[in-house]
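Results of the structural survey
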Amino acid sequence: MIAAGNRPLICYSTPEFGLGDSTTPKLGFLKLPVSNCSGKGFGLHSDEARSSFSVKAGEGSKVSYVNGKADLIRESYDSINDSDGKSICQMSTIGNSTTDIVWHKCSVEKIDRQELLQQKGCVIWVTGLSGSGKSTLACALSRGLHSRGKLTYILDGDNVRHGLNRDLSFKAEDRAENIRRIGEVAKLFADAGVICIASLISPYRKDRDACRSLLPAGDFIEVFMNVPLQVCEARDPKGLYKLARAGKIKGFTGLDDPYEPPLNSEIVLQQKGSVCASPCEMADTVISYLEEKGYLNA
Ligand SMILES: Nc1ncnc2c1ncn2[C@@H]1O[C@H](COP(=O)(O)OS(=O)(=O)O)[C@@H](OP(=O)(O)O)[C@H]1O
Ligand SMILES: Nc1ncnc2c1ncn2[C@@H]1O[C@H](COP(=O)(O)OP(=O)(O)O)[C@@H](O)[C@H]1O
């Protein structure tokens, strides 16, 4: 299925697509080669797609139509006219514009979901160097809250990079996109009423702050794993620091790539002298904070 912005495209076709007669619009799935779904364009530029067709992008009562040649829909929709000379600029929402999208409200809201769950949705954003204990804390926290009957979900940078963010590298703009996407997903979880634990290096202050700004005040709780580089490197459970020191990984955070420590995080977890609190103790610190701020009640 093809998506137009965040709306599905429901297609009906001329007979050569084998979806029935062309005069009666039918809902169906039009299998077209799509070579680029992420950029401005649709990517319908294969020879196989050079047939006349109609595409309908709709959600509820909002519908946009395109009638034309598939190979015309490439980069810009603003300048394309259909066979009657009518502009089909509605399709410009396929890019990154949000001007033609209307928020659809539902009578079941966040407050209702929170009531059901007896908790408040929020995002606990765990940031720190590789090896600082982010994933360990996330698990301990999830376990601790679960045992109190609270619903959590972990978005771990490593794990999300196996799926949603598998197209992203570790260069600065890809890290920013990784963080942006996880921030948006975390926001959805919080809206669902879930206590979402996002655990990723997120080295840049501006990217973390952008995620904070997606949420209502107080609902973004930044936890800084303030563990010295030497400690992280000595732990090196995946052997990545060793590889980076050997020059086999370039741009490794803390070595040859920056980490900007938070300036005002809600919680800072750090060693006392040379003693590091256990993961359970750290999780308890976060749980106490949530309790105090009322996140463990509706
Ligand atoms: N170049 C480089 N720099 C830092 N980390 C690297 C790199 N290459 C791979 N890894 C592994 O990827 C994990 C970090 O992914 P994140 O999504 O958390 O990173 S980021 O927020 O986009 O910076 C990180 O996982 P953690 O050790 O759990 O932090 C590493 O295992
Ligand atoms: N509080 C802690 N005290 C001692 N070791 C820890 C603690 N938290 C994590 N570790 C260890 O540090 C290493 C890195 O932890 P991990 O959670 O994978 O870090 P990150 O997700 O930040 O890369 C692991 O070997 C883990 O067992």
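Note: the structure precedes this text.
Our subject in this report is the structure included herewith. (Residues numbered from 1 in each chain as written. Chains lettered and ligands numbered in written order. Predicted model: local features only at pLDDT ≥ 70, side-chain atom pairs only at ≥ 80, totals over all residues. Heavy atoms only, no water.)

**Considering the site of ligand 1**
Neighbouring residues of ligand 1: 20 residues in total, closest Ser130, Lys134, Arg175, Asn178 and Ser202. At 2.8 Å from an oxygen atom of ligand 1 is found a side-chain nitrogen or oxygen belonging to Arg161. The fraction of the free accessible surface of ligand 1 (630 Å²) that becomes covered by protein chains is 92%. The cavity where ligand 1 resides is the second largest pocket. Going through the elements one at a time, helix 3 (157–160) and helix 4 (172–191) are the ones with two or more residues in the shell around ligand 1. Looking at the shell around ligand 1 residue by residue, the class counts come to 7 nonpolar, 7 polar and 6 charged. (Near = heavy atom within 4 Å. Polar contact = N/O pair within 3.5 Å; in protein donor to acceptor, adjacent residues only side chain to side chain. Areas by Shrake-Rupley, 256 points an atom, 1.4 Å probe, with all protein chains shown as cover. 1 Å grid on protein atoms, 1.4 Å probe; cavity = no way out; pocket = protein on both sides within 12 Å on 5 of 7 lines; lining within 4 Å. Sits in = over half its atoms within 2 Å of the grid points. Helix = DSSP H or I, 4+ residues; strand = E, 2+ residues; numbered from the N terminus. Nonpolar A, V, L, I, M, F, W, Y, C, P; charged D, E, K, R; others polar.)

**As for the side chain of Asn165**
One can find Asn165 in the loop between helix 3 and helix 4. Overall, Asn165 belongs to the buried group, its relative accessible area being 0%. Here the side chain of Asn165 touches Asn178 through a polar contact of 2.6 Å, side chain to side chain. Dropping the residues within four chain positions of it, Asn165 is found in contact with Val160, Asn178, Arg181 and Ile182. (Buried < 20%, exposed > 50% of the residue type's maximum accessible area, 1.4 Å probe, protein only. Contact = heavy atoms within 4.5 Å.)

**Some points on unusual backbone geometry**
Phi at Gln118 is positive, roughly 55°, even though this residue is not glycine. Positioned with a positive phi, Ser202 is a non-glycine residue whose angle comes to about 40°. As for its placement among the helices and strands, Ser202 is situated in the loop between strand 7 (195–199) and helix 5 (205–212).

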